[in-house]
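For reference, the chains in residue letters:
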Amino acid sequence: MCGIVGYIGCNQAAPILLEGLTKLEYRGYDSAGLAVCDGTRIHVSKCKGRLKVLSELTKGGETLKGTLGIGHTRWATHGAPSDTNSHPHYNTNETIAVVHNGIIENYNKIKSRLCEKGYRFQSETDTEVIVQLLDRYYTGDPLAAISKIMTKLEGSYALGIIFKDYPDELYAVRRDNPLIVGVSEEGNFIASDVPAILKYTRKVFYVENGEIVRLTREGTQFFNSDLEHLAKEASIVEWDMAAAEKGGYEHFMLKEIYEQPKAVKDTLHPRIKDGKIVIDELNMNEDDIRKLEKIFIVACGSAYHAGMTGKYVIEDLARIPVEVDLASEFRYRNPIYPKNTLTIIISQSGETADSLAALREAKKNNCRVLGIVNVVGSSIAREADNVMYTWAGPEIAVATTKAYSTQLTAMYLLALHFAWIRQTLDRDKYDALLKELLSIPGRIEDIIKKNTTEIQYIASKFVAVRDCFFIGRGNDYSAALEGSLKLKEISYIHSEAYPAGELKHGPIALIEEGTLVIGLLTQEKLNKKTASNIVEVKSRGAFILSITCEGDEEADRISDLVIKIPAVDRHFTISLSVIILQLIAYYIAACKGIDLDKPRNLAKSVTVE
Ligand code: G6P
């Protein structure tokens, strides 16, 4: 989604803003722009397309002089990607400039009122309404104007604002859209995400909903919407730049695939003490866990797929009923919460708008909320009752890999922990499963080492494929969903995932000579059933690639190609099969020459509904 960077300091702002924006490119965008104040005027440069175009337009920022500025990468919502719709937006007199992330839901109403008062609009965006509204209420006091428009705007926003009259001040405000403030010797910053400012500082303030910030060259002041001063404590970001750089890999996605053994280990190991799982951050005592009547798992995208695995493993091992929901559905469906219910929100970014709204819904219903989140200090992490962090480190590629793998790990940890407390597993079984779980990082590493060359070859064969089906049963179906999403989002090949048993109820009509079907057969008890479904599509001309465990000979007989993963306990096979699926998607997209870290139309962190 859109990215914001703002700077006030002693250095020229434009090159710093451009550099900061490149660090936010991963969020997904289609246009970019800068506004810089030189003390007497605000100059805006903006254009459709990649940051390279903006950089050329401004000669690397040189044409925009000034030490105060705001920058933006836009992911179009209201109005197509175009030079005019790009941010920053001006008021008519060009005395105020604004960059905005989020959506103003009542912008049409405000726009009509402003038009009646004689305001004229250049763009089709909701953002232009904000700057014209500021113009209407500005009488020389920026804070007063900002707090006034907050009472008028509905929807979500993170804003960076500069006023021509105040060349020594940068303003920011947010509601339901992430924003941080960074402070350093080099100057002070606002940004929608940490990587944009990591080169300059690790000392950040997380701006809370409804807070307004005034940044000067000397420092920062925080206010609530009544303009009362707020005291805030800075946090120190633990990541370093290297973690957010490509480090010799061709793409972030490949780097992140290779980082999975470490990410899974880092999520797993701190929670194992003396041969037992200990999850202190759950803050639930044994009685709370025993009394659990129901769990909701709510998430979007791949995090939702991790939640599906959560359902399989928690129900199977701990015998607690689990419902998994897409956050965009859950937030509007009025679910029933039995007395002892736990809602788990899974999110890499911790900022996904629908997941955050689902969290608030659950809390409104007095339900305990556990966040499973990767980004420390993100909105979901802050608003959940308790947070279990997935220690994947910064994930930059739009298509998630390592964060998803750590989310699976969190699901296994919870399932085993709950099962142990509820005594649905005996000690031997518990020990055996824990041993298997601890072997997963090493096995992921082996798979990457052993299978990459073969997968590169297979991928080169599938580059021209137009349609692909992923099928599986049980937990293999959840892997199929994730494999299919990976393939379509980065290679643009049409793909669908189906529970193998559902094929006959429609999708089989689409199978013709050469259609690629990827079958997942890692669930011993279900493999025979899935194998029958594979035979059905093969006899209608499908080309079959099966992924199965070592020792399973059935797949060899019915498939055109087979990739084998080590045989681990069936609850955890998805952590291995998904590595194969990620590599297949990656190498197909790479063969097609796609800019796969920033696939078209997609955003890393979806902060609008
Ligand atoms: C976007 C990303 C997906 C991600 C989903 C949920 O669609 O492209 O990779 O799974 O959002 O994001 P979250 O940050 O909540 O896990």
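Scroll up for the structure.
Residues numbered from 1 in each chain as written. Predicted model: local features only at pLDDT ≥ 70, side-chain atom pairs only at ≥ 80, totals over all residues. Heavy atoms only, no water.

**Q** Would you mind showing me how to read the environment of S539 here?
**A** Assignment of secondary structure puts S539 in the loop between helix 16 (524-538) and strand 26 (543-549). As a C-alpha pair, S539 and L526 span 13 residues in sequence and 20 Å in three-dimensional space. Of note is the side chain of S539, whose polar atom sits 2.9 Å from the backbone oxygen of E536. (Helix = DSSP H or I, 4+ residues; strand = E, 2+ residues; numbered from the N terminus. Polar contact = N/O pair within 3.5 Å; in protein donor to acceptor, adjacent residues only side chain to side chain.)

**Q** What exactly am I supposed to notice about the packing of helix 13 (residues 402-421) against helix 18 (residues 573-591) here?
**A** Any two packed helices are characterised by how steeply their axes cross, that is the angle between the axes, and by the distance between the axes. As a packed pair, helix 13 and helix 18 sit with axes 11 Å apart at the nearest point and diverge in direction by 170°. Comparing their axes, helix 18 and helix 13 come out roughly antiparallel. On helix 18, the residues that touch Y404, S405, L408 and Y412 of helix 13 are I574, S575, V578, I579 and Q582. (Axes fitted to C-alpha atoms, helices over the stretch in contact; angles between N-to-C directions. Parallel < 35°, antiparallel > 145°, perpendicular 65-115°, else oblique. Contact = heavy atoms within 4.5 Å.)

**Q** Would you explain the sheet that holds strand 15 (residues 235-236) in this entry?
**A** If you walk across this open sheet you meet the eight strands as 3-2-4-1-10-9-11-15, and the pairing is antiparallel. If you trace the sheet from one side to the other, it starts and ends with strand 3 (42-48) and strand 15, each paired once. (Pairing = 2+ DSSP bridges.)

**Q** Help me understand helix 5 (residues 142-152) in this model?
**A** For an α-helix, 3.6 residues make a turn, and residues three or four places apart therefore share a direction. Among all positions in helix 5, only P142, L143, A145, I146, S147, I149 and M150 are buried. Those residues of helix 5 that are buried lie in contact with helix 4 (127-137), strand 7 (157-163), strand 8 (170-175), strand 12 (212-215) and strand 13 (220-223). The opening residue of helix 5, the one whose side-chain oxygen lies 3.1 Å from the backbone nitrogen of L143, is D141. (Buried < 20%, exposed > 50% of the residue type's maximum accessible area, 1.4 Å probe, protein only.)

**Q** What should I look at first to understand the site of the ligand in this one?
**A** Near the ligand there are 13 residues, and of these S302, S347, Q348, S349 and T352 occur at the shortest range. S302 is positioned with one of its backbone polar atoms (N or O) 3.0 Å from an oxygen atom of the ligand. A distance of 2.5 Å separates an oxygen atom of the ligand from a polar atom in the side chain of T352. Compared with its free state, where it exposes 390 Å², the ligand has 89% of that area covered by protein. Among the elements that take part in the shell around the ligand, helix 9 (residues 301-318) stands out by supplying three residues, more than any other. Among the residues forming the shell around the ligand, the class breakdown is five nonpolar, seven polar and one charged. (Near = heavy atom within 4 Å. Areas by Shrake-Rupley, 256 points an atom, 1.4 Å probe, with all protein chains shown as cover. Nonpolar A, V, L, I, M, F, W, Y, C, P; charged D, E, K, R; others polar.)

**Q** Sorry if this is basic, but what is going on with the pattern of salt bridges here?
**A** Should the charged atoms of two oppositely charged side chains come close, the side chains can pair. Enumeration over the complete set of coordinates arrives at 37 salt bridges. For R427, the salt bridge goes to D431, with nearest N and O atoms at 3.1 Å. Of this pair, R427 and D431 both sit in helix 14 (residues 427-462), four residues apart, which is roughly one turn of that helix. Note on R427: relative accessible area 38%, which makes it partly exposed. In this structure, D556 engages K564 in a salt bridge whose closest nitrogen and oxygen atoms are separated by 3.0 Å. Judged by relative accessible area, which is 35%, D556 ranks as partly exposed. (Salt bridge = Lys/Arg side-chain N within 4 Å of Asp/Glu carboxyl O.)

**Q** Would you take a moment to explain the pairing of strand 18 (residues 294-299) for this structure?
**A** A regular strand places its side chains so that they alternate between the two faces of the sheet. The element strand 18 is extensively covered by neighbouring structure, given that six of its six residues are classed as buried. Side-chain alternation along strand 18 places K294, F296 and V298 on one buried face and I295, I297 and A299 on a second face that is also buried. Direction of pairing for strand 18 relative to strand 20 (residues 341-347): parallel, over a ladder of five bridges. In the strand pairing of strand 20, K294 is matched with T341. Of the strand pairs in this sheet, strand 18 and strand 19 (residues 322-326) are connected by five bridges, and their pairing is parallel. When the sheet's bridge partners are listed, V298 is paired in strand 19 with D325.

**Q** Looking at this structure, I do not really get the pairing of strand 6 (residues 96-101). What am I missing?
**A** Most of strand 6 sits inside the fold, with six of its six residues counted as buried. Residues I96, V98 and H100 of strand 6 are buried on one face, and the alternating residues A97, V99 and N101, pointing to the opposite face, are buried as well. Where strand 5 (residues 89-90) meets strand 6, two bridges bridge the pair, whose relative direction is antiparallel. When the sheet's bridge partners are listed, Y90 is paired in strand 6 with A97. Count of turn residues in the strand 5/strand 6 antiparallel hairpin: five residues, of which E94 carries a positive phi of about 60°.

Any functional reading would require information beyond the geometric quantities listed.
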